[in-house]
Amino acid sequence: ELEGDERAFQERIDAGVRIEPQDWMPETYRKTLVRQISQHAHSEIVGMLPEGNWITRAPSLQRKATLLAKVQDEGGHGLYLYAAAETLGVSRDDLIEALHSGKAKYSSIFNYPTLTWADIGAIGWLVDGAAIINQIPLCRCSYGPYGRAMVRVCKEESFHQRQGFDIMAKLAAGTQAQKRMAQDALNRWWWPAVMMFGPPDGESVHGAQSAAWKIKLHGNDDLRQKFIDQTVPQADLIGLTIPDPALSLNAETGHHEIGPIDWDEFYRVVKGDGPCNRERLATRVEAWEKGAWVREAAMAHAMKQRNAA
Ligand code: 3HC
């Protein structure tokens, strides 16, 4: 039974009142937001690595410019989200340290390798497609700074998804070798994209509490199903096959039912033992260390500006 401030807080949440940084909030609400927003930010920054791998090898100037714009957007999303997390009284350096030490998570999806150019299409189409489905409800989440950051992020994500689907459509309509490359990428990215939505609601550690606080407006399974129902017809449209022999359309519910998800793989990747986890963290640590002089110079310049003013 909630008492005093906590009860009043929950009544504000239930009444749809947006919580702002200066408002009173339970320490547990603040902590779970720092956890989720910082891990979301880490996902955006680490997510730049798989795609960044192909900027210098894009097949045309137009594809290179588009991919460069997308990777730059992801960096910007990370900075919005770190700034949103800082409104909860945490320092960026502490958040980055939590990522580098392995204490904080980032999305499992970014621990898979990008082996061919078609992977860039599959990531835009599937990963950003999944991200849009997960992030649109977050625009309405109870914590103001997080919801407002999501509005801008979601606008840019739709460009990300369209450019990815365009790459896949062109390859699927190309030579046999190109179609095989697109199908191979779909085969490798489909299940990790389905897992991106998190564990089944029954195993979701934070789901119920995040729902009570209107941080999570839909369960992991609902959003996963929405993604599947949206994506299967898109694959059909361009003549690619979803790598799931058990996939079937339930005529009654209108939903596409899928075969079993390999949750062992999910938890293995989340725990740090996926194909690229070590490489991704090492790359981030190296970038942070080699970039220290840039941060110091920027701070020195800002101090000079301030003292001169
Ligand atoms: N990868 C890594 N960890 C995951 C995960 C995933 N796909 N799904 C769940 N987890 C972790 C959770 O973080 C939690 O661990 P923690 O307590 O150490 O944080 C644990 O597994 C239990 O899962 P829960 O369902 O209880 O956790 P949540 O309630 O936090 O739900 C979530 C997980 C749905 C990912 C939620 O955190 C969320 O909506 N986060 C915001 C969106 C986000 O982070 N998206 C990730 C990708 S960002 C992106 O795609 C950018 C785009 O531009 C490409």
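Reading the values: the criteria
Residues numbered from 1 in each chain as written. Predicted model: local features only at pLDDT ≥ 70, side-chain atom pairs only at ≥ 80, totals over all residues. Heavy atoms only, no water. Helix = DSSP H or I, 4+ residues; strand = E, 2+ residues; numbered from the N terminus. Rg over C-alpha atoms; globule rule 2.2 N^0.38 Å. Buried < 20%, exposed > 50% of the residue type's maximum accessible area, 1.4 Å probe, protein only. Areas by Shrake-Rupley, 256 points an atom, 1.4 Å probe, with all protein chains shown as cover. Lys, Arg positive; Asp, Glu negative; His and termini not counted. Charge placed at Lys NZ, Arg CZ, Asp CG, Glu CD. Polar contact = N/O pair within 3.5 Å; in protein donor to acceptor, adjacent residues only side chain to side chain. Contact = heavy atoms within 4.5 Å. Phe/Tyr/Trp six-rings, centres within 6.5 Å; stacked < 30°, edge-to-face > 60°. Near = heavy atom within 4 Å. Expected span 1.5 Å × (residues − 1). Salt bridge = Lys/Arg side-chain N within 4 Å of Asp/Glu carboxyl O. Core = buried A, V, L, I, M, F, W, Y, C linked by side-chain atoms within 4.5 Å.

### What to know about the overall build of the chain
Within the chain, the secondary structure is distributed over 13 helices and two strands. Here the C-alpha atoms of the chain give a radius of gyration of 21 Å, agreeing with the 19 Å that 2.2 N^0.38 yields for 309 residues. For the chain, the C-alpha atoms occupy an extent of roughly 60 × 55 × 35 Å along the three principal directions. Of all 309 residues assigned to the chain, the portion counted as buried reaches 48%. Accessible surface for the chain amounts to roughly 15300 Å². Of this, 57% is attributable to carbon and sulfur atoms. Across the chain, 35 positive and 40 negative side-chain charges occur, with their mean positions spaced 6 Å apart.

### Remarks on the side chain of Glu 20
Of note, Glu 20 is situated in the loop between helix H1 (4-14) and helix H2 (27-46). One polar contact links Glu 20 to Arg 148, side chain to side chain, over a distance of 2.7 Å. Setting aside residues up to four positions removed in sequence, Glu 20 forms contacts with Met 25, Tyr 143, Gly 144, Pro 145 and Arg 148.

### Observations regarding the packing of aromatic side chains
All chains considered together, the criterion is met by ten aromatic pairs. Taken together, a centroid distance of 5.5 Å and an interplanar angle of 90° make the contact between Tyr 29 and Trp 213 edge-to-face. A residue pair is termed long-range when its members are at least 10 positions apart, and Tyr 29 in helix H2 and Trp 213 in the loop between helix H9 (207-212) and helix H10 (220-237) qualify at 184 residues. Judged by its relative accessible area of 7%, Trp 213 is buried. Taken together, a centroid distance of 5.5 Å and an interplanar angle of 55° make the contact between Trp 125 and Phe 165 tilted. One end of the pair, Trp 125, is in helix H6 (residues 118-138); the other, Phe 165, is in helix H7 (residues 144-172), and 40 residues separate them in sequence.

### Brief notes about the site of the ligand
By nearness alone, 31 residues border the ligand, and Glu 74, Lys 105, Glu 157, Val 205 and His 206 come closest of all. The separation between an oxygen atom of the ligand and a polar side-chain atom of Glu 44 is 3.2 Å. Lys 105 is positioned such that a nitrogen or oxygen atom in its side chain is 2.5 Å from an oxygen atom of the ligand. The protein chains hide 90% of the 990 Å² of surface that the ligand would expose on its own. Breaking the shell around the ligand down by element, the ones donating at least two residues are H2, H6, H7 and helix H11 (263-270).

### So, H2
Think of an α-helix as turning once every 3.6 residues; residues three or four places apart then point the same way. The terminal C-alpha atoms of H2, which comprises 20 residues, lie 28 Å apart, in line with the 28 Å expected from a rise of 1.5 Å per residue. The buried count for H2 comes to 14 of 20 residues, which makes it a mostly enclosed element.

### Focus on the pattern of salt bridges
Tallied over the entire structure, the rule returns 19 salt bridges. The closest approach of N and O atoms between Asp 119 and Arg 188, which form a salt bridge, is 2.6 Å. Placement of Asp 119 in helix H6 and of Arg 188 in helix H8 (residues 176-195) is noted, with a sequence separation of 69 residues between them. Asp 119 gets classed as buried once you look at its relative accessible area, which sits at 0%. Members of the salt-bridge network, linked through shared partners, are Glu 51, Lys 70, Glu 74 and Asp 128.

### Digging into unusual backbone geometry
Even without a glycine there, the phi angle at Lys 214 is positive, about 55°. Tracing the chain through its elements places Lys 214 in the loop between H9 and H10.

### Thoughts on the environment of Trp 125
On the accessibility criterion, Trp 125 (1% relative accessible area) is buried. Along the sequence, Trp 125 and Ile 215 sit 90 residues apart, while their C-alpha atoms lie 26 Å from each other. Apart from residues lying up to four places away in sequence, Trp 125 is in contact with Gln 161, Gly 164, Phe 165, Met 168, Leu 186, Thr 231, Gln 234, Ala 235 and Leu 240.

### Observations concerning the nonpolar core
By size, the foremost hydrophobic cluster in this structure holds 49 residues, and its most contacted members are Leu 126, Met 168, Trp 189, Trp 190 and Phe 227. Those elements that provide at least two residues to this core are helix H4 (61-86), H6, H7, H8, H10 and H11. Residues within four places of Met 168 in sequence aside, it is in contact with Ala 118, Gly 121, Ala 122, Trp 125, Ala 182, Ala 185, Leu 186, Ile 238 and Leu 240. Grouped together as the second largest cluster of nonpolar side chains are 28 residues, Tyr 29, Ile 96, Val 153 and Cys 154 included.

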